[in-house]
Amino acid sequence: MGLPKGLNPSVPIIFTGYSGQTYAFWFGKPVDDPDGPIALYFVRWEDVGWSQVFDVVIAPETIIPEIIAGGEDAEGYLHVIWGGGALWHTKALASQAYDARSWSPIQKLYQGDRVLDVAGVMDRNGLFHIVFATAGHEIRYLRLGSEGDVPESISLRQIPGGDSWAYRPSIIVTDRGVLYASWAETSDNGVRGVQWTRSSDWGETWAEPDWAAMGHRGMYLFYFPSGGLLAKIVWGGVGVGGREIQLSFDDGETWSAPFDLTQGVGMAGYTGQVATLDSGGTLHVLVNLGDGRYVHSQYREGRWAPNVWTGWEASDWINVATVRGHRLVVVYWVPGSIMSSQLLLSTPVLSVQEPILGERITRETKDVKPTPPTYQSREIAKELNGQETPTKLSVIPINNEPKRTGTVHPLLVASLLSLGFIVLICASSIRRRHIR
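Residues numbered from 1 in each chain as written. Predicted model: local features only at pLDDT ≥ 70, side-chain atom pairs only at ≥ 80, totals over all residues. Heavy atoms only, no water.

Asks: What's the story with the overall build of the protein in this structure? I'm lost.
Replies: When helices and strands are counted, the protein shows two helices and 30 strands. Here the protein holds 436 residues, and the buried ones make up 59% of them. Sequence-distant contacts, at least 24 apart, represent 51% of the contacts inside the protein between residues at least 6 apart. (Helix = DSSP H or I, 4+ residues; strand = E, 2+ residues; numbered from the N terminus. Buried < 20%, exposed > 50% of the residue type's maximum accessible area, 1.4 Å probe, protein only. Contact = heavy atoms within 4.5 Å.)

Asks: I keep staring at the nonpolar core and nothing clicks. Help me out?
Replies: Most often, soluble globular proteins have nonpolar side chains that are buried together. One finds Ile-245, Leu-283 and Val-285 to be the most contacted residues of the largest nonpolar core, which totals 24 residues. At four residues, strand S19 (residues 229-235) tops the list of elements feeding residues into this core. Contacts of Ile-245, omitting those with residues within four sequence positions, involve Ala-231, Lys-232, Ile-233, Ala-257, Pro-258, Phe-259, Leu-261, Leu-283, Val-285 and Trp-304. Residues Ile-13, Phe-27, Val-56 and Ile-64 belong to the second largest nonpolar core, which totals 23 residues. (Core = buried A, V, L, I, M, F, W, Y, C linked by side-chain atoms within 4.5 Å.)

Asks: Teacher, can you tell me more about the pattern of salt bridges here?
Replies: Oppositely charged side chains may form a pair once their charged atoms are brought near each other. Evaluation of the coordinates by the stated rule reveals six salt bridges. Glu-138 is paired through a salt bridge with Arg-140; the nearest N and O atoms lie 2.9 Å apart. Here the two residues Glu-138 and Arg-140 agree in accessibility, since each one is buried. (Salt bridge = Lys/Arg side-chain N within 4 Å of Asp/Glu carboxyl O.)

Asks: Help me understand the pairing of strand S28 (residues 327-334), please; the structure alone is not making it clear to me.
Replies: For a regular strand, side chains alternate in direction, first toward one face of the sheet and then toward the other. Among the eight residues in S28, seven count as buried, and that is most of the element. Two strands pair when backbone bridges link them, and strand S27 (residues 318-323) and S28 are joined in this way by six bridges, in the antiparallel orientation. Across the sheet, the residue bridging to Val-323 is Arg-327, located in S28. What sits between the antiparallel neighbours S27 and S28 is a turn of three residues, in which Arg-324 has the positive phi angle 50°. (Pairing = 2+ DSSP bridges.)

Asks: Mind showing me how you'd approach the sheet that holds strand S7 (residues 77-82) here?
Replies: Strands in a sheet are paired, the pairing made by backbone hydrogen bonds, and the direction either parallel or antiparallel. Pairing within the open sheet is antiparallel, and its four strands lie in the order S6-S7-S8-S9. Single-partner strands in this sheet number two, and they are strand S6 (68-72) and strand S9 (107-110). Along the sheet, successive strands turn relative to each other by an average axial angle of 25°, direction set aside. Here S7 pairs with strand S8 (residues 87-93) via six bridges, running antiparallel. (Axes fitted to C-alpha atoms, helices over the stretch in contact; angles between N-to-C directions.)

Asks: Explanation requested: the pairing of strand S20 (residues 243-248) in the structure shown.
Replies: The buried fraction of S20 is high, at five of six residues. Bridge count between S19 and S20: six bridges; the pairing is antiparallel. Within S20, the residue paired with Trp-235 across the bridge is Arg-243. Examined bridge by bridge, S20 and strand S21 (residues 259-260) share two bridges and lie antiparallel to one another. Directly across from Ile-245, in S21, lies its bridge partner Phe-259.

Asks: Help me out: how do you make sense of the environment of Arg-192 in this one?
Replies: Inspection of the secondary structure assignment puts Arg-192 in strand S16 (residues 190-199). Sequence-wise, Arg-192 and His-216 are 24 residues apart; in three dimensions their C-alpha atoms are separated by 7.2 Å. If near-sequence neighbours (up to four positions away) are discounted, Arg-192 is found in contact with Ile-159, Pro-160, Ser-164, Glu-185, Thr-186, Ser-187, Trp-211, Met-214 and Gly-215. Here the side chain of Arg-192 touches Pro-160 through a polar contact of 3.4 Å, landing on its backbone oxygen. In this structure the side chain of Arg-192 is engaged in a polar contact, spanning 2.8 Å, whose partner is the side chain of Ser-164. (Polar contact = N/O pair within 3.5 Å; in protein donor to acceptor, adjacent residues only side chain to side chain.)

Asks: What exactly am I supposed to notice about the packing of aromatic side chains here?
Replies: How two aromatic rings sit relative to each other is given by the distance of their centres and the angle of their planes. Taken as a whole, this structure holds 23 aromatic pairs when the rule is applied. On the basis of an interplanar angle of 5° and a centroid distance of 6.4 Å, the ring pair of Phe-222 and Phe-224 is categorised as stacked. The exposure class assigned to Phe-224 is buried, which follows from its relative accessible area of 10%. The aromatic ring of Tyr-77 is capped on one face by Lys-91, whose charged end is 4.8 Å from the ring centroid. Over the ring of Trp-255 we find Lys-232, and its NZ or CZ is 4.5 Å from the ring centre. (Phe/Tyr/Trp six-rings, centres within 6.5 Å; stacked < 30°, edge-to-face > 60°. Lys NZ or Arg CZ within 6 Å of the ring centre and 35° of its normal.)

Asks: What am I meant to see in unusual backbone geometry here?
Replies: Most peptide bonds take the trans form, and the phi angle of most residues other than glycine is negative. The phi dihedral of Asp-251 is positive, around 60°, even though this residue is not glycine. Structurally, Asp-251 is set in the loop between S20 and S21. The buried category is assigned to Asp-251, whose relative accessible area is 8%. A positive phi angle, near 50°, is found at Arg-324, a position not held by glycine. Here Arg-324 lies in the loop between S27 and S28. Under the relative-accessibility criterion, Arg-324 is labelled partly exposed at 33%.

Asks: I would appreciate a short explanation of the sheet that holds strand S18 (residues 218-224) in the present structure.
Replies: Across the sheet, four strands lie side by side as S18-S19-S20-S21; this open sheet has antiparallel pairing. The open sheet has two edge strands with one neighbour each: S18 and S21.

Shown next, in the form of structure tokens:
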């Protein structure tokens, strides 16, 4: 849907946490107030569709963060991190995440050079592993524990040359404490390629970074504990324009031969691909053709099935998660909207844990009348700052009516839903969110 000019969101994220619950987050401005503060928005998957949208935190800066990351720890807390003038963090119990008063005061994890890009992953011990790129031509790593103390970050790589930059970091951690972190590097003279590094002790020490893919524009890492599967997807080499995936079942000690995800179809552009694993052990990869169209690749029992058109178009950057083991859910942005699509699979349905109830994080605020959670973040800002705040946020409904678009394959005929829901976007300032 088209929205008023002057509005713009971040790229949405989606993840399924240790409880089995699935959540999505993004930053943006209110529909009816393009000059107002930037808020963090939150939704949770409920049965067959998204919950109501809640705005929960007012961002500390006036620029909408382009990239955010998040996770759920074993104690039931949702964590969100993002960059900007610093590396920022906030958290709340998942059971109370709809309530703006339950979110912790925004924590500054790092302040130095501007944080350009960030990625994070939660391990089974409750440690949040974060890798981020800075304007100081550096890749840094930080490990955040549940106690809330601000740790010191360490440098993984100082990129040589004043005209070189790191972007699109990615990080995974296995159940045995093996971590991989990767990032792409570019310069004024062109793309250099993808570097990566490894830790074998939960991030205590790291190997010297090395080239993972020379001349390529990015690599995403994925780890799926239920199958012990680690995957790396490389895309967009200079003069290549393809996408390749390799798999490992031994924490990266050995890797399969590269598989061409294009399967013989010419693809333009150099945008990232995403992957997820269902409860039946099938790996699902959504492949961007470079023109907004996506195909669906599936890997099971050592074989890749032929690519199948999804029937929908999206932006360069999308995110995907498996809901209860039997449903693929995608979130992405298009000019004028944030969109969500789902595909129901014929795989076992997994149970989920109810959100953990516990003591709510509270803030020092004045006694005020309760306000509906769909615009609490502004009321909280007013209480804390003692200042007037702009017009309250509009309630943002979600349309769960199924809609078919394009030509779809048999699995998609009955189950592909486009769940367009209104958020915050500026059609006049939309740009492709990748580095050319």
